[in-house]
Amino acid sequence: METTTLTVEQALTLAVEKLNTGALQEAEQLGLSILQTQPNHADAFHILGTVAQLAGHHQQAVELFHQALTIAGSHAPLYHALGINLSQLSRHKEALVALERSHAMDGNNVQLLVDLASVHHTLGDAAQAIKFLDQALTLDPSHADGFCRRGNAHRELADLERASQDYLTSLSLNADVSTTHVEYGRLRLMQGRMLDALKLFRHGAQLAPSSPYANQWLEHVVNDCDQRVQQFRHVGQYYLDRQDARQAATYFAHAHTFDLEARHGTLEPLESARHQAESQYPPQTPLPCTAPDTPVKLVWISTPPRTGSSWTYNVVRAIFKASGRQVQPAEGYVDEDEAIELGLKLANRPTPELEADDSAWVLKVHASVLPCSPNAIRIISCIRDPRDVLVSFRRFMRVDFERALQAAESVLTFHDLYGNYPPSLVHLLDYREIGASPEALIGRMAAFLGVSLTAESITEIAQRFSRRNVKQIVDKMAVLDDASLAKVERYHQGDSYRMADRETAFNTDHISADPNKDWRQRLSENEKRVVEARFGPWLRAHGYPEV
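Residues numbered from 1 in each chain as written. Predicted model: local features only at pLDDT ≥ 70, side-chain atom pairs only at ≥ 80, totals over all residues. Heavy atoms only, no water.

Caption draft 1: Quick peek at the overall build of the chain. Looking only at helices and strands, the chain features 27 helices and 7 strands. With 547 residues in all, the chain has 49% of them scored as buried. Within the structure as shown, the chain displays about 26,200 Å² of accessible surface, and the carbon and sulfur contribution to it stands at 50%. (Helix = DSSP H or I, 4+ residues; strand = E, 2+ residues; numbered from the N terminus. Buried < 20%, exposed > 50% of the residue type's maximum accessible area, 1.4 Å probe, protein only. Areas by Shrake-Rupley, 256 points an atom, 1.4 Å probe, with all protein chains shown as cover.)

Caption draft 2: How the structure looks around the nonpolar core. With 72 residues, the main nonpolar core has L198, F201, W300, L390, Y418 and Y421 as its most contacted residues. With 12 residues, helix α13 (residues 212-241) is the largest single contributor of residues to this core. Once residues lying within four places of it in the same chain are set aside, the contact partners of F201 are V182, G185, R186, L189, W217, L218 and V221. (Core = buried A, V, L, I, M, F, W, Y, C linked by side-chain atoms within 4.5 Å. Contact = heavy atoms within 4.5 Å.)

Caption draft 3: Up close: the side chain of K528. Relative to the assigned elements, K528 resides in helix α27 (residues 525-541). Non-local contacts of K528, meaning those with residues more than four positions away in its chain, are made with W519, R520 and L523.

Caption draft 4: Broad picture of the packing of aromatic side chains. One pass over the full model with this rule turns up 4 aromatic pairs. Plain terms: the ring middles of Y167 and Y184 are 5.6 Å apart, the flat faces sit at 35° to each other, and that makes the pair tilted. Here the residue Y167 occupies a position in helix α10 (residues 160-173), and Y184 occupies one in helix α11 (residues 178-190), the gap between them amounting to 17 residues. With respect to class, Y167 is no different from Y184; both count as buried. Across from the ring centre of Y431, 4.0 Å away, lies the NZ or CZ of R384, which sits over that ring. Looking at R432, its charged tip hangs above the ring of Y544, at a distance of 4.2 Å from the centre. (Phe/Tyr/Trp six-rings, centres within 6.5 Å; stacked < 30°, edge-to-face > 60°. Lys NZ or Arg CZ within 6 Å of the ring centre and 35° of its normal.)

Caption draft 5: Region of the structure containing the pattern of salt bridges. Scanning the entire structure with this criterion turns up 19 salt bridges. Between R149 and D145 there is a salt bridge; the shortest N-O distance is 2.7 Å. Taken together, the positions of R149 and D145, both in helix α9 (residues 144-156) and 4 residues apart, correspond to about one turn of that helix. On the accessibility criterion, R149 (29% relative accessible area) is partly exposed. (Salt bridge = Lys/Arg side-chain N within 4 Å of Asp/Glu carboxyl O.)

Caption draft 6: Expanded view of helix α20 (residues 401-418). Taking 1.5 Å of rise per residue, 18 residues should cover 26 Å, and α20 covers 26 Å from first to last C-alpha, within 8% of that figure. Across the 18 residues that make up α20, a large majority, 14, are buried. (Expected span 1.5 Å × (residues − 1).)

Caption draft 7: Inspection of the environment of S118 at higher detail. For S118, the position within the fold is in helix α7 (residues 110-122). Residue classification places S118 among the partly exposed residues on the basis of a relative accessible area of 24%. Placed 31 residues apart in sequence, S118 and S87 show a C-alpha to C-alpha distance of 9.3 Å. A distance of 3.2 Å separates the side chain of S118 from the side chain of R149, its partner in a polar contact. (Polar contact = N/O pair within 3.5 Å; in protein donor to acceptor, adjacent residues only side chain to side chain.)

Caption draft 8: Examining the sheet that holds strand β5 (residues 426-430) more closely. Read across the sheet, 5 strands follow the order β2-β3-β1-β4-β5 without closing on themselves; strand pairing throughout is parallel. Only two strands of the sheet have a single neighbouring strand rather than two, namely β2 (327-328) and β5. (Pairing = 2+ DSSP bridges.)

Caption draft 9: Inspection of the confidence of the model for the chain at higher detail. This prediction gives the chain a mean pLDDT of 81; 80% of its residues lie at or above 70. For the chain, the element scoring lowest by mean pLDDT is strand β6 (residues 488-493), at 45; helix α8 (residues 126-139) scores highest, at 95. Here residues 484-488 scores under 50 on pLDDT; set against residues more than four positions off or in separate chains, the count is 14 contacts. Note on residues 490-497: pLDDT is under 50 here. Beyond four places in sequence and across chains, it has 16 contacts. (pLDDT = per-residue confidence, 0-100.)

Caption draft 10: Inspection of the environment of A42 at higher detail. The residue A42 is located in helix α3 (residues 42-54) in this model. Judged by relative accessible area, A42 falls into the buried class, the value being 13%. Taking the C-alpha atoms as reference points, A42 and L64, separated by 22 residues in sequence, lie 9.4 Å from one another. Excluding residues that lie within four positions of it along the chain, A42 makes contacts with A68, I71 and A72.

Here it is in structure tokens:
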């Protein structure tokens, strides 16, 4: 580009025009040409910093804006630009200092107020973010992004009503922003409105097909809907097999609705199955399901994660062994995929062949299962305070709050699913009883499985799998000699290894180092508000303590 005939002022004006039209290379050449004439020209460094920012070179932009500030001194737009780029580098505390300096000189800059709010929110101060966003939206009531960001902050503080109002206002101002649809969808998930969330995530992904953020949330909720479809189908088939058309039709209809929304009705047999349920049998009172004479052949330990499943698994195996039954698999450690495959093979065996095998199979999964062949199969699930599941899952799996919240939500899913089955088929345990009254719990589990145990056997099983003894099993895995390595299964957990004892399936880190801390000590105040908004009514309905 020929710049020799331009004055410095003309070159600056032209550089700004080039920036506004996206011609970054030409703007950069103009800025460099000015510095050749005037090496300490602050505006030229400002131009070059903006080029670097728009090109995504945020570290270079920070250096250029610092140079400009060294020359110009206090300058609101430069501090604003510096703060934006520091934030992009995750140097949020430094960004806050720069933005506050800019704000002290330019208190009515709407975008600056929005950017200040964003940094405060990132640093965990959603309340302060709302104060800045209130100011910005008073100055500019048409700022759609500001309403969306304020909705995020209200959602963080579990003020779901105000968050919903902000998202709706943002969408009324600009309905073509993918991020707003996704953020509103996340709110709907917190409210338990899965199908509403699905529609919002799908719209967000349609607006921005290449957005990882929109597509990840869409995939997450579609997978959850698929799981609901399978769960409702399981329950519907159970009642259909018992000629209870009214109950079967209800669950098939739920399955069809979720499938229709998630996959556009690709599972058409669901609809015909519902009509079959409605037409094949007249509505009648559900048939009772009593304990059969046939011994239990397969027990599914089907639970949410971090709800005592390994303890339950080992206790059930011990109950059968105490009664003289051979327990399979002989080696306790079986991964989930293998367990599901084994369970399906067992469930599909001919009844005479199944009854001729005296083995008791015990399989542990963190997925819902189909309670087919009820004369030979039982399900035991464990329910725990979802707040404790959240903190335990976050510690054990080393994940963030959002992922741990999803694990906690599965408690409600399992409870609602298995609560629909007769107690002779599905036994729901209360996690609190494992520590408070294990012997009484083991006695009820044995009765559910049709096994008679002496009081001495029950006490021995309770002591064998006490917290103290389980911790000894776990601690032994840390001794990496040949004898101990032969008894463990090693697998990756993030960037490190975790080990599972092949006999009991207990894992390293299974026992918390500080068991006396619960969710009250481990959740922040903001996290507690989010959890209360999501689980509060369910917790109160089922007798769990409030904050």
